[in-house]
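# Structure assessment
Chain by chain, the residues:
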Amino acid sequence: MSISYAFLELAEPTIEESIKTQIKKGSKKIIILPYFLAQGKHVKTDIPNEINKLKNIFNNVDFVLLEHLGANDMIIDLILSIVDV
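In every chain, residue numbers begin from 1 and rise along the written sequence. In view of the model being predicted, local features appear only for residues whose pLDDT reaches at least 70, and side-chain atom pairs are presented and counted only at 80 or more, with totals across whole chains, interfaces and linings using the full set of residues. Water and hydrogen atoms were dropped before computing side-chain values, which therefore reflect all heavy atoms in the structure.

### A word on the nonpolar core
Formally: Residues belong to one nonpolar core when they are buried, are Ala, Val, Leu, Ile, Met, Phe, Trp, Tyr or Cys, and are joined through side-chain atoms within 4.5 Å. Type-normalised accessible area, obtained with a 1.4 Å probe on protein chains alone, sets the label of each residue: buried when under 20%, exposed when over 50%, and partly exposed for intermediate values. Counting from the N terminus, the helices are DSSP H or I runs at least four residues long and the strands are E runs at least two residues long. Contacts are residue-level and defined by heavy atoms, with any inter-residue pair within 4.5 Å sufficient.
Ile 15, Ile 19, Ile 23, Ile 30, Ile 32, Ile 47, Ile 51, Leu 54, Phe 58, Val 61 and Phe 63 together form the largest nonpolar core, which totals eleven residues. For this core, the secondary-structure elements that each account for two or more residues are helix H1 (15-24), strand E1 (29-32) and helix H2 (41-57). Every residue in contact with Ile 23, bar those within four places of it in the chain, is listed here: Ile 30, Phe 58 and Val 61.

### Observations regarding unusual backbone geometry
In this chain, Glu 12 is followed by Pro 13 through a cis amide linkage whose omega measures 5°. As for its placement among the helices and strands, Pro 13 is situated in the segment before H1. Positive phi outside glycine occurs at Leu 10, with the angle close to 70°.

### Here's the deal with H2
Our working definition: One fewer than the residue count of a helix, multiplied by 1.5 Å, yields its expected span. Bend, in this description, refers to the angle at a residue between axes fitted to the seven residues ending there and the seven starting there.
With 17 residues, H2 extends 23 Å from end C-alpha to end C-alpha; this agrees with the ideal 24 Å at 1.5 Å per step. Helix geometry: H2 is bent most strongly at Ile 47, by close to 25°, with proline Pro 48 lying one to four residues after it. Taken together, the buried positions of H2 are occupied by Val 43, Asp 46, Ile 47, Pro 48, Ile 51 and Leu 54. Buried-residue contacts for H2 involve H1, E1 and strand E2 (62-65).

Spelled out as structure tokens, the structure:
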């Protein structure tokens with residue numbers, strides 16, 4: 001398993017660049033975890049659109065788009081452990 005990161009805008013690598021790198025390394029399954037605390041336009045629209053575009057190009061790769069990080073209930077425990085409440 002290989003883990004990488006990507007950015008939607010203003011920084012590199014882009015989502016497409018990062019995914020292409022993983023595919024060149026031989027990945028047949030790409031799991032995407034949007035690193036956002038809230039569900040905004042990037043989570044609802046922009047990231048799924050990017051992934052759908054890549055699904056059409058790489059139809060032999062299994063793409064799994066997970067819920068954004070903030071949707072996980074464990075994030076509350078993590079925050080509370082950091083602030084030591």
